[in-house]
Amino acid sequence: MPASTGLRTFDIAPDIAPSQAPGETRSGRTAQRRTLLQLTDPHLFADPEGQLLDVTTRRSFEAVLELALAHSPPADALVLTGDLVHDESREGYRTLRRLLDRTGLPYYCIPGNHDSRPLMDELLGPAALGPVAARELGGWNLVFLDSTEPGREGGRIGAARLAALRDAVAADPSPAVIFLHQHPIPVRSAWMDKLRVEDGDELLGICDRHPQVKALVCGHIHQEFEHRIQGCRILGTPSTCVQFAPRQADFAIDTHAPGYRELTLLADGALETRVVRLDGYPEHPSRTAGGY
Ligand SMILES: [Fe+2]
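Residues numbered from 1 in each chain as written. Predicted model: local features only at pLDDT ≥ 70, side-chain atom pairs only at ≥ 80, totals over all residues. Heavy atoms only, no water.

- Naming follows an unreviewed UniProt entry, where the chain appears as Icc protein of Thiocapsa roseopersicina.
- Taken directly from UniProt, the Sequence similarities (unreviewed entry) text for the chain runs: "Belongs to the cyclic nucleotide phosphodiesterase class-III family." (UniProt positions renumbered as here; feature names shortened; annotations may be inferred.)

In structure tokens:
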């Protein structure tokens, strides 16, 4: 099922938000607790047995998806924050769509540096969001930002997307979460920090000027991460396949199991979140790998 909540949406040019009663969304629905499940960096292949550093990525993605659906409150939507397919194959995206459709939930996808934007648009349809898109859920403004540029591993948002993001956030006073692939601040791993969002300070400036932005949620770093800058949390999430060790000068694998992030959006604008991992996973990435 392509991502759709049936509620207000926009891409790039936001609507002007009309006034609304407290506790009521613009669509008239009573605001309530909503749950999003973030799955990131599945790195799927056309070959269902395809491996990244000795981990069969389709198998680990299916295991994490099954865990997420079983061990979190009923989800309102799934969010996939990039590196969806590792080999830029049509079959990889078809597989992803098939697996996500099977959940019966709306889902939203943004690209990572390993993705093909044209193939995402072709094969994921309206679930492929960006360059800047917003979706309303339970009185929250969910903003999806494509932080990638073709041919670059690191992120860069650029003036046009920053302007659209500014509009998307400024147009809506509702509590907001911004999803993107690359991390906007250093995570204290020198090799990885070279690949962060180059103009992350501009992004942080938007959050600073709009305190309704409660969190920036990214993928890319293949590890759990949390930092707070004033009222805005910067959250990183384990990959559904291979994990990277935190605070390393050079590329290094971690032994933690794959996992996902649960995000609970409360009607009063509070955000609760936790990372949930598989209870062990039989495949272990090659620790001698020098990169991927
Ligand atoms: Fe990745």
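So, the sheet that holds strand β15 (residues 259-265)
- Ordered by their spatial adjacency, five strands build an open sheet running β6-β5-β2-β15-β16, and the pairing between neighbours is mixed. Across the chains shown, the open sheet's two edge strands, defined by having one partner strand only, are β6 (107-110) and β16 (271-277). The average undirected angle you get between the axes of adjacent strands in this sheet is 20°.
- As defined by bridge partners, strand β2 (residues 34-39) adjoins strand β5 (residues 77-81) across four bridges and the pair is classed as parallel. Note on β5: the bridge partner recorded for L36 is A77.
- In the packing of helix α2 (residues 90-101) onto the sheet, the strands contacted are β5 and β6, and the crossing angle to β6 comes to about 155°. (Pairing = 2+ DSSP bridges. Helix = DSSP H or I, 4+ residues; strand = E, 2+ residues; numbered from the N terminus. Axes fitted to C-alpha atoms, helices over the stretch in contact; angles between N-to-C directions. Contact = heavy atoms within 4.5 Å.)

Quick look at the coordination of the iron ion
- Of the protein atoms, only D41 (OD), H43 (NE2), D83 (OD) and H222 (NE2) coordinate the iron ion, at distances of 2.1 to 2.3 Å.
- Written as a sequence motif, the donor arrangement for the iron ion is D-x1-H-x39-D-x138-H. Note that D41 is positioned in the loop between β2 and β3 (51-52) and D83 in the loop between β5 and α2, a separation of 42 residues in sequence.
- Owing to a relative accessible area of 0%, D41 belongs among the buried residues under this scheme. (Donors = N, O, S within 2.8 Å, 3.2 Å for Na, K, Ca; no water. Buried < 20%, exposed > 50% of the residue type's maximum accessible area, 1.4 Å probe, protein only.)

Comments concerning the packing of helix α4 (residues 158-170) against helix α6 (residues 200-209)
- Two elements in contact, α4 and α6, have axes whose closest approach is 11 Å; the angle formed by their N-to-C orientations is 15°. Considering the angle they form, α4 stands roughly parallel to α6. Note on packing geometry: the crossing formed by α4 with α6 is right-handed. Along its contact with α4, which presents L162, L165, R166 and V169, the element α6 presents E202, L203, I206 and R209. (Parallel < 35°, antiparallel > 145°, perpendicular 65-115°, else oblique. Left-handed = near helix turned anticlockwise from the far one by under 90°.)

Comments concerning the pattern of salt bridges
- Taken as a whole and judged by the stated rule, the model has 18 salt bridges.
- Across the salt bridge formed by R97 and D101, the nearest N and O atoms sit 3.8 Å from each other. One end of the pair, R97, and the other, D101, are both in helix α2, four residues apart, so they sit about a helical turn from each other.
- Look at R97 and you get partly exposed, because its relative accessible area is 24%.
- A salt bridge links R152 to E198, with the nearest nitrogen and oxygen atoms 3.1 Å apart. In this pair, R152 sits in the loop between β8 (140-145) and α4 while E198 sits in the loop between α5 (190-193) and α6, placing the two residues 46 residues apart along the sequence.
- On the accessibility criterion, R152 (25% relative accessible area) is partly exposed.
- Through salt bridges that share partners, R117, D121, D146, E149, R152, R156, R161 and E198 make up one connected network. (Salt bridge = Lys/Arg side-chain N within 4 Å of Asp/Glu carboxyl O.)

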